[in-house]
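Architecture at a glance
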Amino acid sequence: MIALAAAHALVVSVLTKSDTAPANAVSVADALVAAEADGLASHGLSRVPAYADQAKAGKVNGHAVPELRRTAAGALFVDAKDGFAYPAIAQGLAEAAGMARANGVAGMAVGNSHHFGAAGYHVEAPASAGLLVLAFGNSPSAIAPWGGSKALFGTNPIAFGCPRAGKPPLVIDLSLSKVARGKIMVAAQKGEAIPEGWALDSEGAPTTDAKKALAGTMLPMGDAKGAALVLMVELLAAALSASNFGYEASSFFDAKGPPPRVGQFFLLIDPAKFAGPAFGPRVEALLGAIAAQPGTRLPGERRLKLRAAAAKDGVKIPADLLADLERRAA
């Protein structure tokens, strides 16, 4: 087990020694350690070696300073400058939150960006501050259009954050593939098989081999309906931010090629400008009706329990990954 503070310091050390500015390294470490604490290992410390290699190679600019441009009263464009997504998104959301409170709604597009990790991480802070938030991100090609055999779209995660009075916000985070591609990456690293129905190999045949799955395509959740949602997110995240579509983006997993230059889009809504004081009670009425049914639980409950346990006991990561990070930090 490694304490969260020690894990954070380790990530910062690895990244700063891999040509990343300290402030950017801290922002990345905040997100990755939070994902690890929430039980999302596929978006946690397992990402650090690839991030570090890409920073060293210049595939991601570790010293990038995001540029924020207000293009209308409720519209913000953030140019990540080929840097890590986390500092660009954090700075942009701080600005967009004030715009949403002033206008009722604000949209934020992030262009020339990189992997944005666990999508739910980004919506939690604005939702904790009383805003409704929707997040969309595209990623390198992994899913074929329905009926096709060549990957065009990424797994394109979406997230939703809803404020709750006196309680942590409701956070919904899901990939539009049947499973996040990062989970297959982790299985490949461990030499483990994956369940059937997650992916196809390069020949379009079902596979349980994680490495063959990474070389093939992911299956969308909901089949044809899921493929349509993937297309929707691709347009929201990449077209609105003038960024690369999935089939144009380089891999998040290696240091080869140019920067991926993917995009993200966020919609922030101030519920006070719509339902006023009735919003909170309406939310609790619905969530209470869900919780009243035996066998149900609200999205995020497991995540919050894991987070509390990690804050107390730390997190367990594979020995070979820990050794790699310590070597890079030395």
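Preceding this section is the structure that the text describes.
All of the points below concern the structure found in this document. (Residues numbered from 1 in each chain as written. Predicted model: local features only at pLDDT ≥ 70, side-chain atom pairs only at ≥ 80, totals over all residues. Heavy atoms only, no water.)

**A word on unusual backbone geometry**
A positive phi is found at Lys81, a non-glycine position, where the angle reads about 60 degrees. Residue position: Lys81 is located in the loop between strand S2 (75-79) and helix H4 (85-103). Its relative accessible area of 34% is what places Lys81 among the partly exposed residues. Unusually for a residue other than glycine, Asn156 sits at a positive phi of about 45 degrees. Relative to the helices and strands, Asn156 is located in the loop between strand S4 (132-137) and strand S5 (158-164). For Asn156, a relative accessible area of 0% corresponds to the buried category. (Helix = DSSP H or I, 4+ residues; strand = E, 2+ residues; numbered from the N terminus. Buried < 20%, exposed > 50% of the residue type's maximum accessible area, 1.4 Å probe, protein only.)

**Side note on the pairing of S5**
Among the seven residues that make up S5, five are buried, leaving the element largely enclosed by the rest of the structure. The pairing of S4 with S5 spans four bridges and is classified as antiparallel. Bridging across to S5, Ala135 finds its partner in Ala159. As defined by bridge partners, S5 adjoins strand S6 (residues 167-174) across six bridges and the pair is classed as antiparallel. Residue Cys162 lies in a different strand from S6, and its bridge partner there is Leu170. (Pairing = 2+ DSSP bridges.)

**With respect to the side chain of Asp201**
In this fold, Asp201 is placed in the loop between strand S7 (199-200) and strand S8 (206-207). Despite its burial, Asp201 pairs with no opposite charge; the closest candidate is Lys212, at 5.7 Å N-O. From its side chain, Asp201 meets the backbone nitrogen of Glu203 in a polar contact 2.8 Å long. Excluding anything up to four places from it in sequence, Asp201 contacts Thr207, Lys212, Gly216 and Thr217. (Lys, Arg positive; Asp, Glu negative; His and termini not counted. Salt bridge = Lys/Arg side-chain N within 4 Å of Asp/Glu carboxyl O. Polar contact = N/O pair within 3.5 Å; in protein donor to acceptor, adjacent residues only side chain to side chain. Contact = heavy atoms within 4.5 Å.)

**Topic: the pattern of salt bridges**
This model, assessed by the stated rule, comprises 16 salt bridges. One salt bridge in this structure joins Arg327 and Asp324, with 2.7 Å as the shortest N-O distance. Taken together, the residues span about one helical turn, with Arg327 and Asp324 both in helix H11 (residues 319-329) at a distance of three residues. A single salt-bridge network, built from bridges that share partners, covers Asp38, Glu124, Arg303 and Arg307.

**Overview of the packing of helix H1 (residues 4-16) against helix H3 (residues 48-57)**
Contact geometry of H1 with H3 gives a least axis separation of 9 Å together with a crossing angle of 25 degrees. By the angle between their axes, H1 is roughly parallel relative to H3. Between H1 and H3 lies a crossing of right-handed hand. Counting all contacts with H1, which are made through Val11, Val14 and Leu15, the residues of H3 involved are Val48, Tyr51 and Ala52. (Axes fitted to C-alpha atoms, helices over the stretch in contact; angles between N-to-C directions. Parallel < 35°, antiparallel > 145°, perpendicular 65-115°, else oblique. Left-handed = near helix turned anticlockwise from the far one by under 90°.)

**Points about the sheet that holds strand S9 (residues 217-218)**
Pairing between sheet strands relies on hydrogen bonds along the backbone, with the strands arranged either parallel or antiparallel. Spatially, S8-S7-S9 is the arrangement adopted by the three strands of the open sheet, whose pairing is antiparallel. At either margin of the open sheet sits one strand with a lone partner, and together these are S8 and S9. In terms of strand pairing, S7 meets S8 through two bridges, oriented antiparallel. Looking at the pairing, Ala199 lines up with Thr207 of S8.

**What to know about helix H6 (residues 181-190)**
Helical geometry: 3.6 residues make up each α-helical turn, so side chains three or four residues apart lie on a common side. Among the ten residues of H6, seven are classified as buried, and the element is accordingly described as predominantly covered. Looking one or two residues beyond H6, the residue adopting positive phi is Gly191, at roughly 70 degrees.

**Thoughts on the pairing of S4**
The buried count for S4 comes to five of six residues, which makes it a mostly enclosed element. Here six bridges tie S4 to strand S10 (residues 262-269), and the two strands are oriented antiparallel to one another. When the sheet's bridge partners are listed, Phe136 is paired in S10 with Phe265.

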